[in-house]
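Inside the fold
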There are 2 protein chains.
Amino acid sequence: LEQKNFFEIKGLINDLHPADVAELMTFFDRDDQVVLFRLLKKDVAIAVFEQLDFEHQENLLNSFTDDKVSEILNVMSPDDRTELFDELPAKVVRKLLFLLNSDQREMASILLGYRENSAGRIMNPGYIDLKEHYTIDQALERIRKLSPPEDMIYTAYVTDYQRHLIGSVTLRDLVLSPPEKVVDDIMDTDIIFVKTDDDQELVARTIQKYDLLSLPVVDHEQRLVGAVTVDDAIDIIEEEATEDIHRLAAIQTPEDEYLHSSVVQKVRDRLFWLVALLLGGMVTSFVIQNQSVLIQTVVSLSFFIPALIDTGGNVGSQSTTIMVRGIALNEVDSRNIFKIIIMESLIGSLLGGMLGLVGFFRVVLLREPVLIGIIVGLAIWVVVFISNLLGMILPLLLKKLKFDPALSATPVITTIVDVIGVFLYFQIARIFMKF
Amino acid sequence: LEQKNFFEIKGLINDLHPADVAELMTFFDRDDQVVLFRLLKKDVAIAVFEQLDFEHQENLLNSFTDDKVSEILNVMSPDDRTELFDELPAKVVRKLLFLLNSDQREMASILLGYRENSAGRIMNPGYIDLKEHYTIDQALERIRKLSPPEDMIYTAYVTDYQRHLIGSVTLRDLVLSPPEKVVDDIMDTDIIFVKTDDDQELVARTIQKYDLLSLPVVDHEQRLVGAVTVDDAIDIIEEEATEDIHRLAAIQTPEDEYLHSSVVQKVRDRLFWLVALLLGGMVTSFVIQNQSVLIQTVVSLSFFIPALIDTGGNVGSQSTTIMVRGIALNEVDSRNIFKIIIMESLIGSLLGGMLGLVGFFRVVLLREPVLIGIIVGLAIWVVVFISNLLGMILPLLLKKLKFDPALSATPVITTIVDVIGVFLYFQIARIFMKF
């Protein structure tokens, strides 16, 4: 296809949806991406650029003249531009800011001034503002004059002369209302809003809870400064889920997507916890070392250590996973903790009992003495009960201490449960064997 | 507050956002919920009912007369109604269908006829249909006549006389276009749509990719039958993330939220995999059992089994987690598998080397012989390399075989890695000790 058939390609890619062109471009190498991008019409080009991943955006910016870069940056949507600037080195951003015209430069600087992952940093300042005395026709006239893109047009905000947010009006209500009415008659004054320094997760959850298309953002004086739209909320919810999933497996996820980072970065993201856990496991080795005489006498005790610690680890991983997700989805909070503890104790006993029985039969099936079977079965029961409760309480505790509950990763639980499990196992063995 | 102060409460709760009332109601017991609900104005009541969790909806339905139930069910949004019917027993649904008027009953039956979790099952049939020859004014007139709720009003669909979908028009374009134009001039004919039997995950991903507010659903003859809105897409993306998170911890998540299910259900969701894994772990016990003479001779070999298998399990868990999430987010596909395998092999060797070194020092620190340290270090290196690759390949394989990649749960990887790890550990030990 790349046989200089530019004219045909041009027709083809300008007809596609920008999101598809952006996806298509990732299949080509860097130079071809630049060629492809040059074939796009200006407005399509901006839309495609907004949809590209950061690494591809950076590549394109590097290959363009300052004029072309300035053209793109001045027209692209302010929230997408902030996202791009967030990823670029500070030096490059300073250079790029000079390519913006003064209005856009001021806007970009303000947005970059808000804390990362805050509402202010992700909002779009291009909202529609109306005054309460506008007639429906005047309001529609103003919307036509501003003609904002689709994501910002369906909710207009009503402000007073100090720019305080006093109400919101949907385009639906404007279109459905008789033209003789004024904005004041139809506006909703119970406005749901967030503050510039609220966390992006709260922003996304609020949009989700109230089924909003856009959510207004106000500063500390209640003045309207921008709005966050539902398409950003989806991306945030997905990003936060990925972060939790990675944390649960003890991976420190960086800002950008894991699969796009370098080998060194990937190793670094994973190494810290792996080393910490391996060192933490020394305690387990130490506990077993202390029982070396017992093991030498009853060597078969050592056969079932992996099964015991794995089962404990699995149960603990399950309960910690359930809690971390439950907390993230706001299903778990302080008012039902007590109920959850009781319930999980019951679940732990039941699971432990059944798994202990399976463990007992496992030992007997491997033709080991029944006594060993009883020891293994009992140890599994106790370990399952403890690790279930521990996996549940640790995320709650982390939350209470204002840490991310997902730091209670499943490998951390596993390592803690190992120590407890092995210790109890040998204690039970000593009692039964009168050693 | 519940001192028969009904009048005051009535004023209070009718002013709140329905999503807040729904949340508030969950704090009260069943009877009070019914009392509260009766204090709501009719339109607020419907909106609150739609926002409630299934268990609370069911409770309310049980406490109402048939007339009241009929009133709610006939007016509530068709997609929310399908969701409610999905959870109720078939017998109850049949009874409830008779409380609907004939139009609504037909609509409900059609929606219930589509496969669960398909686009047809979650769509709302209340879309706006326009004809291409309509003027802008006629189009706006039709929208005013239908006056659909907010989620369905911003995108209108253009159909021919056989109801085939031929274009879409946003309310933005209708409001911004000069009134003398016709729908044909401004409609977008490159329509993005899904089919009734497409999976809900594809629906949500499509809405996310193209930043849509609503996505049209067509039947097998390309006839428009409904639309799915962005608020449903958010919920689906979150639901699918929860399912993956739970699967990764080997929990079989049921349809409804885990925290709301009974103890028996919770135990059942977790028991199957725990028993399977405990039984699978028999192979590990068997491998160790075969080395009992070696262990009795060099008892210190047994001290480091937990560290070895935990490290292997942790590394495997990390790589399987990364892959499962990468596949879910469409970041991993067939065209970059080869590159990923090479990269992960490199990562595995690096991680293994460093962790092996840490393992070696651990052994020496516990005052065991250097030879044991070398054996443990080497075994960790090999196990880390293998489990990293295994954790990566298994989800890809499951995907290739059309299974859910998340079935490659971290405990499954751990159990497989145990067997391989313990086996290799003793083989390495035998070589070095010339046993």
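Everything discussed here concerns the structure shown above.
Below or above, wherever it landed, is the structure these notes cover. Predicted, not measured: the structure shown is a model, and the values here were computed from it. (Residues numbered from 1 in each chain as written. Chains lettered and ligands numbered in written order. Predicted model: local features only at pLDDT ≥ 70, side-chain atom pairs only at ≥ 80, totals over all residues. Heavy atoms only, no water.)

**Things to note about the overall build of chain A**
Looking only at helices and strands, chain A features 23 helices and six strands. Here chain A has a C-alpha radius of gyration of 30 Å; the compact-globule value for 435 residues is 22 Å, and the former is much larger. With respect to the principal axes defined by its C-alpha atoms, chain A has extents near 90 × 60 × 35 Å. Buried positions account for 56% of the 435 residues belonging to chain A. Carbon and sulfur atoms make up 58% of the accessible area of chain A, which totals about 19,000 Å². Treating the 39 positive side-chain charges of chain A as one cloud and the 63 negative ones as another, the clouds have centres 5 Å apart. (Helix = DSSP H or I, 4+ residues; strand = E, 2+ residues; numbered from the N terminus. Rg over C-alpha atoms; globule rule 2.2 N^0.38 Å. Buried < 20%, exposed > 50% of the residue type's maximum accessible area, 1.4 Å probe, protein only. Areas by Shrake-Rupley, 256 points an atom, 1.4 Å probe, with all protein chains shown as cover. Lys, Arg positive; Asp, Glu negative; His and termini not counted. Charge placed at Lys NZ, Arg CZ, Asp CG, Glu CD.)

**Examining the relation of the copies chain B and chain A**
Mapping between the two copies of the chain is achieved by a rotation about an axis and a shift along the axis. The transformation that overlays chain B on chain A combines an axial shift of 0.0 Å with a rotation of 180 degrees, and the residual RMSD is 0.1 Å. Taken together, the rotation and translation relating the two chain copies correspond to the operation of a two-fold axis. Most of the interface of chain B is mirrored in chain A, where 100% of its interface residues are also at the interface. (Least-squares fit on C-alpha atoms with pLDDT ≥ 70 in both. Contact = heavy atoms within 4.5 Å.)

**Let's talk about the interface of chain B and chain A**
Contacts between the two partners involve 111 residues from chain B, matched on the other side by 111 residues from chain A. Joining chain B to chain A, the criterion identifies eight salt bridges. Inspection of the chain B/chain A interface yields 46 residue pairs in polar contact (both at pLDDT 80 or more). Looking at the side of chain B that touches chain A, the element that brings in the most residues is helix α20 (residues 305–328) of chain B, giving 15 residues. The residue makeup of the side of chain B that touches chain A, split by class, is 60 nonpolar, 27 polar and 24 charged. (Salt bridge = Lys/Arg side-chain N within 4 Å of Asp/Glu carboxyl O. Polar contact = N/O pair within 3.5 Å; in protein donor to acceptor, adjacent residues only side chain to side chain. Nonpolar A, V, L, I, M, F, W, Y, C, P; charged D, E, K, R; others polar.)

**Concerning the pattern of salt bridges**
If the charged atoms of two oppositely charged side chains come close together, the side chains can form a pair. Overall, the coordinates contain 24 salt bridges over all chains when judged by the stated rule. The residue R270 of chain B makes a salt bridge to E344 of chain A at a minimum N-O spacing of 3.5 Å. Of this pair, R270 of chain B sits in helix α17 (residues 263–280) while E344 of chain A sits in helix α21 (residues 337–365), placing the two residues on different chains. One exposure class covers both R270 of chain B and E344 of chain A, and it is buried.

**Describing a nonpolar patch on the surface**
All names here are of chain A. On the surface, V364, V370, L371, I374, L378, W381, V382, I431 and F432 cluster together to form a nonpolar patch covering roughly 710 Å² of accessible area. Of all the elements in the fold, those that place two or more residues in the nonpolar patch are α22 (370–400) and α23 (410–433). In this fold, L378 is placed in helix α22. (Patch = residues over 30% accessible without salt bridge, like charges linked within 9 Å, V, L, I, M, F, W, Y side chains within 5 Å.)

**With respect to the nonpolar core**
Ranked by internal contacts, the top residues of the largest apolar core, which has 81 residues, are Y425 and F426 of chain A together with L355, Y425 and F426 of chain B. Setting aside anything within four residues of it in sequence, one finds Y425 of chain B in contact with L301, F304, I305, L308, I375, V376 and A379 of chain B. One finds I153 of chain A together with I143, V194 and L213 of chain B within the second-largest nonpolar core, a separate group that totals 80 residues. (Core = buried A, V, L, I, M, F, W, Y, C linked by side-chain atoms within 4.5 Å.)

**Points about the side chain of Q57 of chain B**
Residue and element names in this part refer to chain B. Its location among the elements puts Q57 in helix α5 (residues 54–63). On the basis of relative accessibility, which here comes to 5%, the residue Q57 falls in the buried class. Reaching out from Q57, the side chain makes a polar contact with the backbone oxygen of F49 at a distance of 2.9 Å. With residues near it in sequence (within four places) discarded, Q57 still touches F49, E50, L52 and L84.

**So, the pairing of strand β5 (residues 214–218) of chain A**
All names here are of chain A. Of all five residues in β5, five are buried; the element is thus mostly enclosed. One ladder, built from two bridges, connects strand β4 (residues 194–195) with β5; its direction is parallel. Within the sheet, the bridge partner assigned to K195 lies in β5 and is V218. Direction of pairing for β5 relative to strand β6 (residues 224–229): antiparallel, over a ladder of five bridges. By the bridge assignment for β6, L215 is matched with V228. With antiparallel pairing between neighbouring strands as the criterion, β5 and β6 make up a hairpin whose turn holds five residues, including Q222 at a positive phi of roughly 65 degrees. (Pairing = 2+ DSSP bridges.)

**Thoughts on the packing of helix α20 (residues 305–328) of chain A against α22 of chain A**
Geometrically, a packed helix pair is captured by the angle between its two axes and the distance between the axes. Residue and element names in this part refer to chain A. Two numbers describe how α20 lies on α22: the axes approach to 8 Å, and their chain directions differ by 30 degrees. Between α20 and α22, the crossing angle belongs to the class labelled roughly parallel. α22 is crossed by α20, and the crossing has right-handed handedness. Contact residues: L308, T311, G312, V315, G316, S319, T320, M323, V324 and I327 in α20; A379, I380, V383, V384, S387, N388, G391, M392, P395, L396 and K399 in α22. Taken together, the residues of the contact of α20 with α22 break down into twelve nonpolar, eight polar and one charged. (Axes fitted to C-alpha atoms, helices over the stretch in contact; angles between N-to-C directions. Parallel < 35°, antiparallel > 145°, perpendicular 65-115°, else oblique. Left-handed = near helix turned anticlockwise from the far one by under 90°.)

**Some details on the sheet that holds strand β1 (residues 128–130) of chain B**
All names here are of chain B. Read across the open sheet, the three strands follow the order β1-β2-β3; overall the sheet is mixed. In this open sheet, the two edge strands, each paired with only one partner strand, are β1 and β3 (165–170). Across the sheet, the mean angle from the axis of one strand to that of its neighbour is 35 degrees, orientation sign disregarded. Two strands pair when backbone bridges link them, and β1 and strand β2 (residues 155–159) are joined in this way by three bridges, in the parallel orientation. Each residue of the ladder has a partner; that of L130, found in β2, is V158.

**What to know about the packing of aromatic side chains**
Summed over the entire model, instances satisfying the criterion amount to 13 aromatic pairs over all chains. Taking 6.1 Å as the distance between ring centres and 65 degrees as the angle between the ring planes, the aromatic pair formed by F37 of chain B and F49 of chain B counts as edge-to-face. Residue F37 of chain B is found in helix α3 (residues 30–38), and its partner F49 of chain B is found in helix α4 (residues 42–51); the two are separated by twelve residues along the sequence. Taken together, F37, F49 and F64 of chain A form an aromatic cluster joined through their ring pairs. It is K131 of chain A that lies over the ring of Y161 of chain A; its NZ or CZ is 5.2 Å from the centre. (Phe/Tyr/Trp six-rings, centres within 6.5 Å; stacked < 30°, edge-to-face > 60°. Lys NZ or Arg CZ within 6 Å of the ring centre and 35° of its normal.)

**Some remarks on the packing of α21 of chain A against α17 of chain B**
It is the contact of α21 of chain A with α17 of chain B, at a shortest axis distance of 10 Å, that shows an interaxial angle of 30 degrees. With respect to their mutual orientation, α21 of chain A and α17 of chain B come out roughly parallel. Helix-helix and strand crossings are classified by hand; for α21 of chain A and α17 of chain B the assignment is right-handed. Note on element contacts: α17 of chain B touches α21 of chain A through V263, K266, V267, R270, L271, L274, V275, L278 and L279 of chain B, opposite M343, E344, L346, I347, L350, L351, M354, L355, V358, G359 and R362 of chain A. Considering only residue class, the contact of α21 of chain A with α17 of chain B consists of 15 nonpolar, one polar and four charged.

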